[in-house]
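What follows is each chain in one-letter form.
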Amino acid sequence: MPSAPPRALRFAALGDSLTEGVGDRVGEGWRGWAALLAAGLGDRSAPAEFRNFAVSGALTEDVADRQAPEALAFRPDIASVLVGVNDTLRRTFDIEELTRRLDSVFDRLTARGTVLLTACLPDPGTMLGLPLPLARPLARRQRAVNAVVHALSARYDAVHLHASDGAWVIDRSMWSADRLHPGERGHRMIALRFHELLGGYGLARGQAPGAEPTQPPPTRAASLLWLATAGTGWVARRCTDLLPQLTRLAGSEVRHWARGTSERLDRSAEHALSAALAAVSLEVPLVRMGECAGAGSSGSTVAAPSPTSWAGAPTAGW
């Protein structure tokens, strides 16, 4: 008797503009890494069912309160949760609240057997090339977010992708004009890396996404026009309530640098992060803001013990 055809996998993508696909324009809309990955999860006999719940500008609160319930109703076999950068651009940034929300989302998804996809991400200050006094506070926040994602990925056996450092971050061919979102090549790279990881578990049955772009790159004139109009507006909308505070944070950076006490700011952030992890019953060694957790990295960019040493948390570097 012939065997029953394999059931189509269901893939839900949660997050913000990165997962919505900003930077990878096809026609009048965005495609993005999640859609590229979805095309390679199924085969001709059982194409994957894909729903993208990500919304540009989303915070962890939006994912927890709105996207997660909708995704759970979809009953996904695989779900990606990439979020947190927008939280770092808000005056109300609270690493403990962010940790609690992500822990809740990861718990609800994996409780029904969903395979979880996560990633650590570059900090926006570095990507935008901001002056050091402005970039350091944002970098400190994003490192804390990445440390939380690393720790929770280990707790929930997530398939985790290191995308916060490495050659791809400084490779301009990977990024769109705004320097905050990947271009088509970058989106394809994210999709390809996740496909490789999932293939090891038999969860990627179709052809891997191609690494080379198929759409013509935007012209320099088009890129400059986007930056002067939509791009500037995008950044402004996400930083409106942060700018006054960021100015104060930058002033604090300069004062501590002049006094030779910059480490105090790092130590304060480290203790806040450790308290946030303890709030969800995660006991890890005191996180150092200058230590690297990226697989295969040789520098000092991401704070957290390396997930490569945590059983049950498959990882990939760039």
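Everything discussed here concerns the structure shown above.
Report on the accompanying structure. (Residues numbered from 1 in each chain as written. Predicted model: local features only at pLDDT ≥ 70, side-chain atom pairs only at ≥ 80, totals over all residues. Heavy atoms only, no water.)

1. Considerations on the packing of helix α3 (residues 60–74) against helix α5 (residues 95–110)
Okay, step 1: For the pair α3 and α5, the least separation of the axes is 9 Å and the interaxial angle reads 10 degrees. As far as their axial angle goes, α5 and α3 are roughly parallel. Taken together, the residues of α5 that come into contact with α3 (itself represented by T60, E61, V63, A64, A68, P69 and L72) are L98, R101, L102, V105, R108 and L109.
Okay, step 2: Here the contact of α3 with α5 is composed, by residue class, of 9 nonpolar, 1 polar and 3 charged. (Axes fitted to C-alpha atoms, helices over the stretch in contact; angles between N-to-C directions. Helix = DSSP H or I, 4+ residues; strand = E, 2+ residues; numbered from the N terminus. Parallel < 35°, antiparallel > 145°, perpendicular 65-115°, else oblique. Contact = heavy atoms within 4.5 Å. Nonpolar A, V, L, I, M, F, W, Y, C, P; charged D, E, K, R; others polar.)

2. A few points about the side chain of S80
Okay, step 1: Among the structural elements, S80 can be located in strand β5 (residues 78–82).
Okay, step 2: Apart from the residues lying within four places of it in its own chain, the contact partners of S80 are F11, A12, A13, L14, W33 and L117.

3. Focus: the pairing of strand β6 (residues 115–120)
Okay, step 1: The element β6 is largely enclosed, with a buried count of 5 among its 6 residues.
Okay, step 2: Strand direction decides the pairing type here: β5 and β6, joined by 3 bridges, are parallel. Each residue of the ladder has a partner; that of S80, found in β6, is L117.
Okay, step 3: As defined by bridge partners, β6 adjoins strand β7 (residues 159–162) across 4 bridges and the pair is classed as parallel. Its bridge partner being in β7, A119 is matched across the sheet by L161. (Buried < 20%, exposed > 50% of the residue type's maximum accessible area, 1.4 Å probe, protein only. Pairing = 2+ DSSP bridges.)

4. Considerations on the packing of aromatic side chains
To describe a pair of aromatic rings, you give the distance between the ring centres and the angle between the ring planes.
Okay, step 1: A complete count under the given rule lists 4 aromatic pairs for this structure.
Okay, step 2: Pairing F106 with Y156 gives two aromatic rings, centres 6.1 Å apart and planes at 90 degrees, and the pair type is edge-to-face. Within this pair, whereas F106 is found in helix α5, its partner Y156 is found in the loop between α7 (132–155) and β7, the two being separated by 50 residues in sequence.
Okay, step 3: Y156 gets classed as buried once you look at its relative accessible area, which sits at 14%.
Okay, step 4: The lysine or arginine in question, R25, covers the ring of W30, its NZ or CZ lying 4.0 Å from the ring centre. (Phe/Tyr/Trp six-rings, centres within 6.5 Å; stacked < 30°, edge-to-face > 60°. Lys NZ or Arg CZ within 6 Å of the ring centre and 35° of its normal.)

5. Let's talk about the pattern of salt bridges
Okay, step 1: Under the definition given, this model contains 15 salt bridges.
Okay, step 2: Residue R100 is joined to E96 by a salt bridge in which the shortest nitrogen-to-oxygen separation is 3.0 Å. One end of the pair, R100, and the other, E96, are both in helix α5, 4 residues apart, so they sit about a helical turn from each other.
Okay, step 3: As a salt-bridge pair, R185 and E212 come within 3.0 Å of each other at their nearest N and O atoms. Of this pair, R185 sits in helix α9 (residues 184–199) while E212 sits in the loop between α9 and α10 (220–239), and the two are 27 residues apart along the sequence.
Okay, step 4: Overall, R185 belongs to the partly exposed group, its relative accessible area being 24%.
Okay, step 5: Put simply, D24, R31, E184 and R188 are held in one network by salt bridges that share partners. (Salt bridge = Lys/Arg side-chain N within 4 Å of Asp/Glu carboxyl O.)

6. Overview of the nonpolar core
Okay, step 1: If you look at the biggest cluster of nonpolar residues, it comprises 34 residues, and the most contacted ones within it are F11, W33, L37, F194 and L198.
Okay, step 2: The dominant element in this core, judged by the number of residues it contributes, is α9, at 6 residues.
Okay, step 3: Setting aside residues no more than four positions away along its own chain, L198 makes contact with L37, L41, I78, V115, L117, V159, L203 and A204.
Okay, step 4: Residues A68, A71, L116 and A144 belong to the second largest nonpolar core, which totals 33 residues. (Core = buried A, V, L, I, M, F, W, Y, C linked by side-chain atoms within 4.5 Å.)

7. Looking at unusual backbone geometry
Okay, step 1: With a phi angle near 55 degrees, R75 is a residue other than glycine that sits in the positive phi range.
Okay, step 2: Assignment of secondary structure puts R75 in the loop between α3 and β5.
Okay, step 3: Phi angles above zero are rare outside glycine, and D157 is one such case at about 50 degrees.
Okay, step 4: Counting through the fold element by element, D157 comes out in the loop between α7 and β7.

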